[in-house]
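Structure assessment
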Amino acid sequence: MEQKNWVRVVFRRRLLIITLLLIQIFVIIALVISTSRAYRFVDLLLYWISIIVSLYIMNKQEKSAYKIIWIFLILLFPVFGGLFYVIFHTQTNPRKMQKKTEDLERRYKPLYFLPGNFLPLLKQQGLDSEPLAHYLHEHAGYPVYTHTKSVYFDSGESFFNRVLIELEKAEKYIFLEFFILRSGVVFDSILEILERKAAAGIDVRIIYDDLGNFTSLPANYRETLKKKGIRSTVFNPFKPVLSSLQNNRDHRKIVCIDGKTAFTGGMNLADEYINAKERFGHWKDAAIMVEGMAAWSFALIFLQMWNGQDQRVYDDPQSFYPWKQQTCGIEDDGYVQPYADSPLDSENIGEHVYIKIINNAKDYVYINTPYLVVDDDLISALSIAAKSGVDVRIVTPHRWDKWYVAVVSRSYYRQLILSGVKIYEYTQGFNHSKTFVSDDRTATVGTTNLDFRSLYLHFECGVLLLESETVKTVRDDFNNTLPLCHEITLADCARNAPQRIFQDLLRLFAPLM
């Protein structure tokens, strides 16, 4: 009965927000058209605004795909296209959020190095992966750690079972950050543990994205969690206001326990991720657990996001550091480098990690991704690697959650296959894993899809593994998945003229998907 009431409340609130947004768009268009018809100088002014905005877009430091789509829309709607861009991009809230994010990054950056600086140790070994570690260390602010054990999970089921075990071990704090929370076996089981731990005095916190839970949680869900003793915050509450800020969502998936153990990967807290509920056939996913020094990075990534959500009192992050009174006894297993990505800075960290892995590959690079909607930089990197003799393989889903993304993803197949890239579709259902593995020496597991939203608009995170035995586990999972896939051939890519035109049109709008 309570669940049914939630559905009604969620539906009413979301319907109201969508209606207000549509009214806002309609009013803007109606006012512009009626005013421009009544006053010729207004019509000319709007045209000039569109021209000036187009020149601004062309000279802006931004991906070419975003420039093309906005200029296309301005050409298509020259009267109000430029004005719409101005309204959409010039609010104070995005600037305020960007400034706060930058301030927190400056404050937190030194704290990532509390366990020490292990980059010199890695450099002494002269590894091919050292430039990538150097980039994340020097330019992104995420250190390399030793004294860390990693465990790779090749399914949502194995991830979920281990999370339940590790949550029971919590002694001081539990931090959860997820894009989607949905009542069911997964979330209800975790929530029961969180409620018990909070009653025992453990600091339990949850960050969840508002748009990601647009149809699954009521607006007052924070009060429900508060009654259970769980502190929570909603990332970027969705409002009926035209704003580019609404594009920036928290797509991270983090579980951090006492700063000693942490998880990330593709899984949200919903039943389809463990195949307790079927949506698109068998759900294939991946995650990773880090235990030891590297888990501290995830505590800081969480706290930085938490303190960025208009909290009245900022936490002292150093008070959460777990190795003040004791040493970390975890044995080394290569180098582990957690990292996070923000759309509010100039570094596309997730994309740069992927491109660097591709460029460094000598023998192979294997990729799992639910979407393949990429820009020229990634297409070029994949094509050049394949043409240089590197075995480049990509697994995508055969059953998709969004038909239009499937159409666009498949539009890239022919170009990549002609370059020597091998592409497979997971025939059992939906492949939601986000993994890269190369040469038995480098791998990354995280939340970043190969699409524009993940690479440039969302807050994401991941774990880079260097010279770790877990790298081979990621490789083995990929190889074990291939027999369950269909290799795409050029014959599979054949399309008639209407289909090609439709693909090209949708591909133009790829940055908005």
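Bear in mind the structure is a predicted one, so any value in this text is a computation, not a measurement. (Residues numbered from 1 in each chain as written. Predicted model: local features only at pLDDT ≥ 70, side-chain atom pairs only at ≥ 80, totals over all residues. Heavy atoms only, no water.)

Notes on helix α12 (residues 349-360)
How we decide: What counts as a helix is a DSSP run of H or I of at least four residues, what counts as a strand is a run of E of at least two, and both are numbered from the N terminus. Expected helix span is taken as 1.5 Å per residue step, with the number of steps being one fewer than the number of residues. Under the scheme applied here, a residue whose accessible area is under 20% of the maximum for its type counts as buried, over 50% as exposed, and between as partly exposed, the area being computed with a 1.4 Å probe on protein chains only.
Given a rise of 1.5 Å per residue, 12 residues ought to cover 16 Å, and the 16 Å separating the end C-alpha atoms of α12 matches this to within 8%. The complete set of buried residues in α12 reads I349, G350, E351, V353, Y354, I355, I357 and I358.

Things to note about the pairing of strand β15 (residues 442-446)
Rule in force here: For two strands to pair, DSSP has to find at least two bridges joining them.
The element β15 is extensively covered by neighbouring structure, given that 5 of its 5 residues are classed as buried. Relative to β15, strand β14 (residues 435-438) runs antiparallel, the two being bridged by 4 bridges. Following the sheet pairing, V437 is matched in β15 by A443. The antiparallel hairpin formed by β14 and β15 contains 3 residues in its connecting segment, where D439 sits at a positive phi of about 55°. Where β15 meets strand β16 (residues 460-466), 5 bridges bridge the pair, whose relative direction is antiparallel. Each residue of the ladder has a partner; that of T442, found in β16, is L466.

Section: helix α3 (residues 64-76)
Here α3 contains 13 residues, and its C-alpha end-to-end distance of 18 Å stays within 8% of the 18 Å for a straight helix at 1.5 Å per residue. All of the buried residues along α3 are A65, Y66, K67, I69, W70, I71 and I74.

Let's talk about the sheet that holds strand β4 (residues 231-235)
The strands making up a sheet are joined through hydrogen bonds of the backbone, oriented either antiparallel or parallel. Keep this limit in mind: Helix axes are fitted only over the stretch in contact, all axes being lines through C-alpha atoms; the angle between N-to-C directions runs from 0 to 180 degrees. Here a residue-residue contact requires only that any non-hydrogen atoms of the pair lie within 4.5 Å.
Ordered in space as β1-β8-β6-β5-β2-β3-β4, the 7 strands form an open sheet in which the pairing is mixed. Because the sheet does not close on itself, it has two edges, and the strands there are β1 (148-153) and β4. Across the sheet, the mean angle from the axis of one strand to that of its neighbour is 10°, orientation sign disregarded. The pairing of β1 with strand β8 (residues 287-292) spans 6 bridges and is antiparallel. Opposite S150, over in β8, you have V290 as the bridge partner. The strands that helix α11 (residues 295-307) touches are β2 (173-178), β3 (203-209), β4, β5 (254-257), β6 (261-265) and β8; relative to β2, the one it contacts most, it runs at about 65°.

Structural notes on the pairing of β5
Of the two faces of β5, the one holding I254 and C256 and the one holding V255 and I257 are both buried throughout. Alignment of β2 against β5, held across 4 bridges, turns out to be antiparallel. Bridge assignment links F175 to a residue of β5, and that residue is C256. Relative to β6, β5 runs antiparallel, the two being bridged by 3 bridges. Its bridge partner lying in β6, I257 is registered against T261.

Concerning the side chain of R393
Definition in use: Definition of a polar contact: a pair of N or O atoms within 3.5 Å, with one able to donate and the other able to accept a hydrogen when the atoms are protein atoms, and with sequence-neighbouring residues admitted only if both atoms are side-chain atoms.
Here R393 lies in strand β11 (residues 391-397). A polar contact is formed between the side chain of R393 and the side chain of Y424, at a distance of 3.3 Å. Excluding anything up to four places from it in sequence, R393 contacts V365, Y366, I367, K422, Y424, F478 and L482.

Considering the sheet that holds β11
With respect to topology, 8 strands assemble into an open sheet ordered β9-β16-β15-β14-β10-β11-β12-β17, the strand pairing being mixed. Looking at which strands have only one partner, the edges of the open sheet turn out to be β9 (335-341) and β17 (485-487). Across the sheet, the mean angle separating the axes of adjacent strands is 20° when strand polarity is ignored. On the sheet, α12 packs against β9, β10 (364-368), β14, β15 and β16 and is oriented at approximately 140° with respect to β9.

Digging into the packing of aromatic side chains
We count it as follows: Two aromatic rings from Phe, Tyr or Trp, using only the six-membered ring of Trp, form a pair when their centres are within 6.5 Å; if the ring planes differ by under 30 degrees the pair is stacked, by over 60 it is edge-to-face, and anything between is tilted.
The tally for this structure, following the rule as stated, stands at 20 aromatic pairs. Between Y366 and F478, the aromatic rings sit 4.7 Å apart at their centres with planes inclined by 10°, giving stacked as the arrangement. Of this pair, Y366 sits in strand β10 while F478 sits in helix α17 (residues 469-481), placing them 112 residues apart in sequence. The residues Y366 and F478 share a single accessibility class, namely buried.

Considering the packing of α12 against helix α13 (residues 376-387)
To keep things clear, this is the line we draw: Should an angle fall under 35 degrees it is taken as roughly parallel, and over 145 as roughly antiparallel, whereas 65 to 115 is taken as roughly perpendicular and any remaining angle as oblique. Crossings are assigned a handedness: left-handed for a near helix turned anticlockwise from the far helix by less than a right angle, right-handed for a clockwise turn.
At a closest axis distance of 9 Å, the pairing of α12 and α13 adopts a crossing angle of 15°. It follows from the interaxial angle that α12 and α13 lie roughly parallel. Relative to α13, α12 is oriented so that their crossing is left-handed. Where α12 abuts α13, its residues E351, Y354, I355, I358 and N359 lie against D377, L378, A381, L382 and A385.

Notes on the confidence of the model for the protein
Definition in use: Values of pLDDT, the confidence the predictor places in each residue, fall between 0 and 100.
Of the residues in the protein, 85% have a pLDDT of 70 or more, and the chain-wide mean is 86. Across residues 1-11 the pLDDT falls below 50, and counting only partners more than four positions away or on other chains, this stretch makes 13 contacts in the model.

Observations concerning the environment of Y208
Within the element layout of this structure, Y208 appears in strand β3. Along the backbone, Y208 and E177 are 31 residues apart, and their C-alpha atoms lie at a distance of 5.9 Å. Those residues in contact with Y208 that sit more than four places away from it in its chain are F178, L181, N213, L217, Y221, R222, L225, S232, T233, V234 and F235.

Comments concerning the pattern of salt bridges
Using the following cut-off: Just to be clear on terms, a salt bridge is a Lys or Arg side-chain nitrogen sitting within 4 Å of an Asp or Glu carboxyl oxygen.
In this structure the tally under the stated criterion is 22 salt bridges. Between D203 and R205 there is a salt bridge whose closest N-O contact spans 2.8 Å. Exposure remark for R205: the relative accessible area of 1% places this residue in the buried category. Notably, a salt bridge pairs R399 with E278, separated by 4.0 Å at the nearest N-O pair. Placement of the pair is R399 in the loop between β11 and α14 (403-411) and E278 in the loop between β6 and β7 (282-284), with a sequence separation of 121 residues. You can call R399 partly exposed: its relative accessible area is 38%.

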